[in-house]
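Structural description and commentary
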Amino acid sequence: MKDFLASLGQNVAILGTQWGDEGKGKLVDALSSHFDIVCRSAGGANAGHTIVVNGDKFIFHLLPSAMLHPNTIGVIGNGTVVEIAELAKEIKLLEDKGLEISSRVKLSLRAHIILNYHKEIDAALEERKGSKKVGTTQRGIGPAYTDKFARIGIRCEDLLDLDLLKEKLEFNCAFHGKNFDLNLDPTKELEELMSYREMIKPLLTDTRKFLNDSILDGKKVLFEGAQGQQLDIDHGTYPFVTSSSICLGGVCTGLGVSPKSISDVIGITKAYTTRVGSGPFPSEITDEIGQYIQKKGVEFGATTGRPRRCGWFDAVVVRNAVETNGINTINLTKLDVLSGLKELKIAQRYFLDDTELFTVPTTRKANEKLRIEYETFPGWEEDLSGISEFSKLPQNAQNYVLAIEKFIGAKVGAIGVGPDRGDLIFKK
Ligand code: GDP
Ligand code: IMO
Ligand code: MG
């Protein structure tokens, strides 16, 4: 860990490189005691980041996954969409365990609020799409970002101007109610917000100014990504994506920090591939091997409990994230899950007819015709739990990791061999 930390600059971003659930929360927690501030810049409670400490499990949805460390400040930036009731619940859950949380959370005045009507619209849109549904988390994420870009969103700062808040709620309930044929009640929305208002008010901060001043002051900042590159609104498998910028650019706009203040970017990459929800998944395994990985890796959503689809490691997908985000180090997670498989495959290249593709195609036609070039590797039987040095891994596991490094064009600096905070191998 010491060498790994020493290789990093003042401020570090941690980003998902696949379809989310790569294990971002675990590394954020593992590194957080060495940082002063940990921030979320995009997404909302669609995220579910799991941390396991001595067998105790914590799932973070809106709070940065750093709050178990008593001195860390958590920032929820302007680029996020915040379900106020969920945030209050998350804070209370940790405070009931004796942790001081409220005084360490800074919520951007400009973060958008997710209302109940956003969740209703999310469900209504999915229902109308039928078999073409995205398979969203139904947390209202897409509709909240839609309002933001249509410039009718309600922001946290509106909690400080009740007349304006009331006006906006009335307009939005009438507008969306008519468009989606829903019976929306602005008074109920207002009452719910009012019940959390006094609790939320002290958290409201000009987080852009706070962060830039802190960085100038030499404070160390960790930027915690949510979701993963293939769920990015621009670079993912559109329309089967979330509605925010997952990539490094989203960190800058979602917090108001300069790209120049982000020193290093760590990619979080599962040793295989998973995705929840619908959409293309070129290296998906649909036979019993997929089920074996799903069961052994406990691949069920941390937010919705849905089973995650499983597939082989896809180097095209991860290379995409490495290139887009300037990732210099990878934390390869869940290598332990692959023990017991006779052989492992890595998707190396994609072809459409005779043309090589460097991005997951998004049209149905292209996906049907996609040809994937795989390379096969011998597996290993040994249980990896408890191993703390790269050289102690079975030779075939070492070879698999080295092949991944070669295929993705980034070094693997850390390897996960179990869910617990300490189940990490740092590799030189
Ligand atoms: P996140 O959304 O990227 O933070 O990831 P999730 O928490 O949704 O999903 C990752 C799951 O894998 C969680 O249940 C973690 O506890 C677990 N996990 C993380 N790293 C490892 C690892 O190296 N090995 C094993 N077996 N489990 C891991
Ligand atoms: P973390 O941060 C995995 C997926 C949903 C769906 C699509 C759109 O835990 O990695 P949304 O509710 O955002 O409109 O859903 O995106 N999705 C995630 N999948 N991990 C996540 O977050 C996700 N957040 C959204 O399953 O396919
Ligand atoms: Mg998750």
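Structure: see above.
Summarised in this report is the structure supplied together with it.

Conventions we followed
- Residues numbered from 1 in each chain as written.
- Chains lettered and ligands numbered in written order.
- Predicted model: local features only at pLDDT ≥ 70, side-chain atom pairs only at ≥ 80, totals over all residues.
- Heavy atoms only, no water.
- Near = heavy atom within 4 Å.
- Polar contact = N/O pair within 3.5 Å; in protein donor to acceptor, adjacent residues only side chain to side chain.
- Areas by Shrake-Rupley, 256 points an atom, 1.4 Å probe, with all protein chains shown as cover.
- Nonpolar A, V, L, I, M, F, W, Y, C, P; charged D, E, K, R; others polar.
- Pairing = 2+ DSSP bridges.
- Helix = DSSP H or I, 4+ residues; strand = E, 2+ residues; numbered from the N terminus.
- Contact = heavy atoms within 4.5 Å.
- Axes fitted to C-alpha atoms, helices over the stretch in contact; angles between N-to-C directions.
- Disulfide = S-S within 2.5 Å.
- Buried < 20%, exposed > 50% of the residue type's maximum accessible area, 1.4 Å probe, protein only.
- Core = buried A, V, L, I, M, F, W, Y, C linked by side-chain atoms within 4.5 Å.

Around ligand 2 there are 21 residues in total, and Lys 24, His 49, Thr 137, Gln 227 and Thr 242 lie nearest to it. In this structure, Asp 21 approaches ligand 2 through a main-chain N or O atom, which is 2.8 Å from an oxygen atom. Alone, ligand 2 offers 550 Å² of accessible surface; in the complex the protein occludes 98% of this. Its residues assigned to classes, the shell around ligand 2 shows eight nonpolar, ten polar and three charged.

A few words now on the sheet that holds strand 15 (residues 329-333). With mixed pairing, the ten strands of this open sheet are ordered in space as 9-7-5-2-10-1-11-15-19-20. Both outer strands of the open sheet, strand 9 (204-205) and strand 20 (424-426), are each paired with one neighbouring strand and no more. In this structure, strand 2 (residues 37-40) lies alongside strand 5 (residues 73-76), joined through four bridges in parallel fashion. Directly across from Ile 37, in strand 5, lies its bridge partner Ile 73. Sitting on the sheet, helix 8 (residues 207-216) is in contact with strand 1 (11-16), strand 2, strand 5, strand 7 (105-108), strand 9 and strand 10 (221-224), with an inclination near 135° to strand 5.

Okay, the state of the cysteines next. A full pass over the atoms with the stated rule returns zero disulfides. Looking at Cys 156, it has no disulfide partner, and the nearest cysteine sulfur is the one in Cys 39, 15 Å off. Its relative accessible area of 0% is what places Cys 156 among the buried residues. In this model Cys 252 remains outside any disulfide bridge; the closest cysteine sulfur is found in Cys 247, 9.4 Å from its own. Residue class for Cys 252 comes out buried when judged on its relative accessible area of 11%.

Next up on the list: the site of ligand 1. By nearness alone, 19 residues border ligand 1, and Gly 23, Lys 24, Gly 48, Thr 50 and Asp 336 come closest of all. Between Thr 50 and ligand 1, the recorded distance is 2.6 Å, taken from a side-chain N or O atom to an oxygen atom. Here ligand 1 has 580 Å² of accessible area as a free molecule, and 92% of this is covered by the chains. Those elements giving two or more residues to the shell around ligand 1 turn out to be helix 2 (24-32) and strand 3 (49-53). The residue makeup of the shell around ligand 1, split by class, is five nonpolar, seven polar and seven charged.

Right, let's talk about the nonpolar core for a bit. Within the largest apolar cluster, 64 residues are counted, with the highest numbers of intra-cluster contacts made by Leu 335, Leu 393 and Tyr 400. Of the residues forming this core, the biggest block, seven residues, is contributed by helix 13 (residues 395-408). Setting aside residues no more than four positions away along its own chain, Tyr 400 makes contact with Ala 271, Phe 313, Leu 335, Leu 338, Leu 344, Ile 346, Phe 377 and Trp 380. Ile 51, Val 82, Leu 94 and Leu 203 belong to the second largest nonpolar core, which has 36 residues in total.

Our focus in this paragraph is the pairing of strand 4 (residues 56-60). Sheet topology note: the strand 3/strand 4 ladder contains five bridges and is antiparallel. Bridged to Val 52 within strand 4 is Lys 57. Counting the residues in the hairpin turn of strand 3 and strand 4 gives two residues, including Asn 54, whose phi is positive at 45°.

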